[in-house]
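Below, each chain spelled out in residue letters.
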Amino acid sequence: MSQPSTAAISAALATCRVAGLDAPLGEVASFLELQPGATGPRLRLRSTVPMAGLASAIASGLSAALPGLEGVVVELEPHIAAGARKQGVEALDRVGNVIAVASGKGGVGKSTTAVNLALALAAEGGRVGLLDADIYGPSQQLMLGIAGDRQPTVRDGKFFEPIMAHGLQTMSMGYLVTANTPMVWRGPMASGALQQMLQQTLWHDLDYLIVDMPPGTGDIQLTLAQKVPVSGAVIVTTPQDIALLDCRKGIEMFRKVEIPVLGVVENMAVHICSACGHAEHLFGAGGGERIAQAYGVPLLGALPLDIRIREQTDGGTPTVVAEPSGAIAAIYRDIARRTALHLARLQIAAPARGPVISFSND
Ligand SMILES: Nc1ncnc2c1ncn2[C@@H]1O[C@H](COP(=O)(O)OP(=O)(O)OP(=O)(O)O)[C@@H](O)[C@H]1O
Ligand SMILES: [Mg+2]
């Protein structure tokens, strides 16, 4: 059977849909090359969102849609555009998109979501960093399994090399102070420390820098909004009504400072009994969906309240790497692709950064 033409492949991409991606393939993938291979054709696609986990589903979809693509192997090459940024905010060197993971309230699972989201984006093929912006109560050192006495290498007396953990470039206040250093800084000092960590870390060509925010809507959040080129925010909430009220505060704060809210993650949505597997809505059902609808933002996904999430993440091997082919990792990877998709859509709506080049005839 002869191979399909480039035009036929592009047409199939435009209409083909696969489970796990809320868009026709053509919105995020374009043709690069088709080569005959030993076991079948090899199709290289360029993608604007990381979605390595969908490669075989895409191959099945395309081989069903197009004669000549039976047994195709799909290879995805992610090219993630750098995010739009607010006027007057200086871009971070070598960081494409800064994504803040926040909530109005403490203890809803921001840090857990941030680290698993970062790992899920990396598993899908993105180049990802994680910055722990919780100056007073950093969690990421523990969640990433970094030894308490490990410190980042200093370059030229003022730059930090990020510490690599599970493939992520990471930085946290936890790396810079010991457990006995008192956290007596007031707001402005804490904001300054955050900016320093952001700007003095030698991030190496990141598509995404996930920022694990401290609870609340105070100074740190404002600094981040005003001084850092944040492309979008992910809001974490639990289904209780009170947490939802706090979630509203979080969404409104980002709206006020003109940072787009990429969506809401509902955490601890359902309790799965570890003995019998029974699912129970401890805090009521559908809260994340309601708030997402009320604010016109997407629900990015819902995580169960599951002891494995706590044990694995607090134990230094977050669920996405502890059980990479498990059901929970699959939810985080869905959330990661959805977050990346909404970010990519924003970049189409608002022009990406970079000089505008215009041509004239005179
Ligand atoms: N879906 C879940 N299932 C089970 N345990 C969870 C889940 N999400 C988070 N946890 C656990 O709940 C605790 C609080 O989570 P986490 O530290 O991520 O919250 P946080 O919002 O970052 O808190 P803070 O506001 O203090 O920064 C942790 O022990 C974490 O392992
Ligand atoms: Mg936290």
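Residues numbered from 1 in each chain as written. Chains lettered and ligands numbered in written order. Predicted model: local features only at pLDDT ≥ 70, side-chain atom pairs only at ≥ 80, totals over all residues.

### A few points about the overall build of the protein
Of regular secondary structure, the protein possesses 13 helices and 15 strands. For 362 residues, the compact-globule formula gives about 21 Å, and the C-alpha radius of gyration of the protein, at 21 Å, lands near that figure. Counting only C-alpha atoms and orienting by the principal axes, one finds that the protein spans roughly 70 × 70 × 40 Å. Expressed as a percentage of its 362 residues, the buried residues of the protein come to 49%. The long-range share in the protein, meaning contacts at least 24 apart out of those at least 6 apart in sequence, stands at 76%. (Helix = DSSP H or I, 4+ residues; strand = E, 2+ residues; numbered from the N terminus. Rg over C-alpha atoms; globule rule 2.2 N^0.38 Å. Buried ≥ 20, exposed ≤ 12 C-beta atoms within 10 Å, placed from the backbone. Contact = placed C-beta atoms within 7 Å.)

### Quick look at the environment of Ala330
Relative to the helices and strands, Ala330 resides in helix H13 (residues 327-349). Separated by 254 residues in sequence, Ala330 and Leu76 place their C-alpha atoms 19 Å apart.

### Side note on the site of ligand 1
In the vicinity of ligand 1 there are 22 residues, among which Gly106, Gly109, Ser111, Thr112 and Arg310 approach most closely. For the shell around ligand 1, the secondary structure elements donating two or more residues are helix H4 (110-123) and helix H11 (307-314). Among the elements that make up the shell around ligand 1, the one with the highest residue count is H11 (4 residues). Counted by class, the shell around ligand 1 contains 7 nonpolar, 10 polar and 5 charged residues. (Near = placed C-beta within 6 Å. Nonpolar A, V, L, I, M, F, W, Y, C, P; charged D, E, K, R; others polar.)

### Some thoughts on the packing of H4 against H13
One can describe the packing of H4 onto H13 by two numbers: an axis separation of 8 Å at closest approach and a directional angle of 80°. Classified by the interaxial angle, the pair formed by H4 and H13 is roughly perpendicular. Residues Asn116, Leu117, Ala120, Leu121 and Ala123 of H4 pack against Tyr332, Arg333, Ile335, Ala336, Thr339 and Ala340 of H13. For the contact of H4 with H13, the residue count by class is 8 nonpolar, 2 polar and 1 charged. (Axes fitted to C-alpha atoms, helices over the stretch in contact; angles between N-to-C directions. Parallel < 35°, antiparallel > 145°, perpendicular 65-115°, else oblique.)

### Considering the sheet that holds strand E15 (residues 299-302)
Taken in spatial order, the 8 strands make up an open sheet running E8-E9-E5-E10-E4-E11-E12-E15, and their pairing is mixed. Both edges of this open sheet fall to strand E8 (163-165) and E15, since each of them pairs with a single strand only. Sheet twist, expressed as the average angle between the axes of neighbouring strands with direction ignored, equals 25°. (Pairing = 2+ DSSP bridges.)

### Here we look at the nonpolar core
Ala100, Val101, Leu117, Ala118, Ile210, Val211 and Ala233 are the most contacted members of the largest nonpolar core, which totals 102 residues. Composition of this core by domain shows at least three residues from each of domain 1 (6-78) and domain 2 (95-349). Setting aside its immediate chain neighbours within four residues, Ile210 contacts Ile99, Val101, Ala114, Leu117, Ala118, Val128 and Leu130. (Core = buried A, V, L, I, M, F, W, Y, C linked by C-beta atoms within 7 Å. Domains from an automatic or database assignment.)

### Section: the pairing of strand E11 (residues 230-237)
Within E11, 8 of the 8 residues are buried, which leaves the element mostly enclosed by the surrounding structure. Two strands pair when backbone bridges link them, and strand E4 (residues 95-102) and E11 are joined in this way by 5 bridges, in the parallel orientation. Considered in E11, the bridge of Ile99 is made with Gly232. Bridge count between E11 and strand E12 (residues 261-266): 5 bridges; the pairing is parallel.

### A short note on H4
Given 3.6 residues per helical turn, the α-helix brings residues three or four places apart onto the same face. With 14 residues, H4 extends 20 Å from end C-alpha to end C-alpha; this agrees with the ideal 20 Å at 1.5 Å per step. Burial analysis of H4 places 14 of its 14 residues in the buried class, which makes it a mostly covered element. Backbone geometry just after H4 places Gly125 at a positive phi near 115°. (Expected span 1.5 Å × (residues − 1).)

### A word on the environment of Val108
Relative to the helices and strands, Val108 resides in the loop between E4 and H4. You can call Val108 buried: it has 25 C-beta atoms within 10 Å. Taking C-alpha positions, Val108 is 14 Å from Asp306, a pair spaced 198 residues apart along the chain. Ignoring anything within four residues of it in the chain, the contact list for Val108 reads Ser103, Val236, Thr237, Thr238, Ala243 and Asn267.

### Here's the deal with the domain arrangement of the protein
Considered domain by domain, the protein is made up of domain 1 (6-78) and domain 2 (95-349). The gap between the C-alpha centroids of domain 1 and domain 2 is 31 Å. On the domain 2 side, the residues contacting the 13 residues of domain 1 number 12 residues.

### What about the sheet that holds strand E1 (residues 29-35)?
Pairing is mixed across the open sheet formed by 3 strands, whose spatial order is E1-E2-E3. Every other strand in the sheet has two partners, leaving E1 and strand E3 (73-78) as the edge strands with one partner each. Strand after strand, the sheet turns through a mean of 25° between neighbouring axes, direction not considered.

### Some remarks on unusual backbone geometry
Even without a glycine there, the phi angle at Asp156 is positive, about 50°. With respect to the helices, strands and loops of the structure, Asp156 is situated in the loop between strand E6 (154-155) and strand E7 (159-160).

### Brief notes about the pairing of strand E9 (residues 168-172)
Among the 5 residues that make up E9, 5 are buried, leaving the element largely enclosed by the rest of the structure. Alternating positions in E9 separate into two faces, Leu168, Thr170 and Ser172 on one and Gln169 and Met171 on the other, with burial throughout. Sheet analysis places strand E5 (residues 128-132) next to E9, joined by 4 bridges and oriented parallel. Residue Gly129 lies in a different strand from E9, and its bridge partner there is Gln169. Pairing between E8 and E9: 3 bridges, direction antiparallel. By the bridge assignment, Met164 is partnered in E9 with Gln169.

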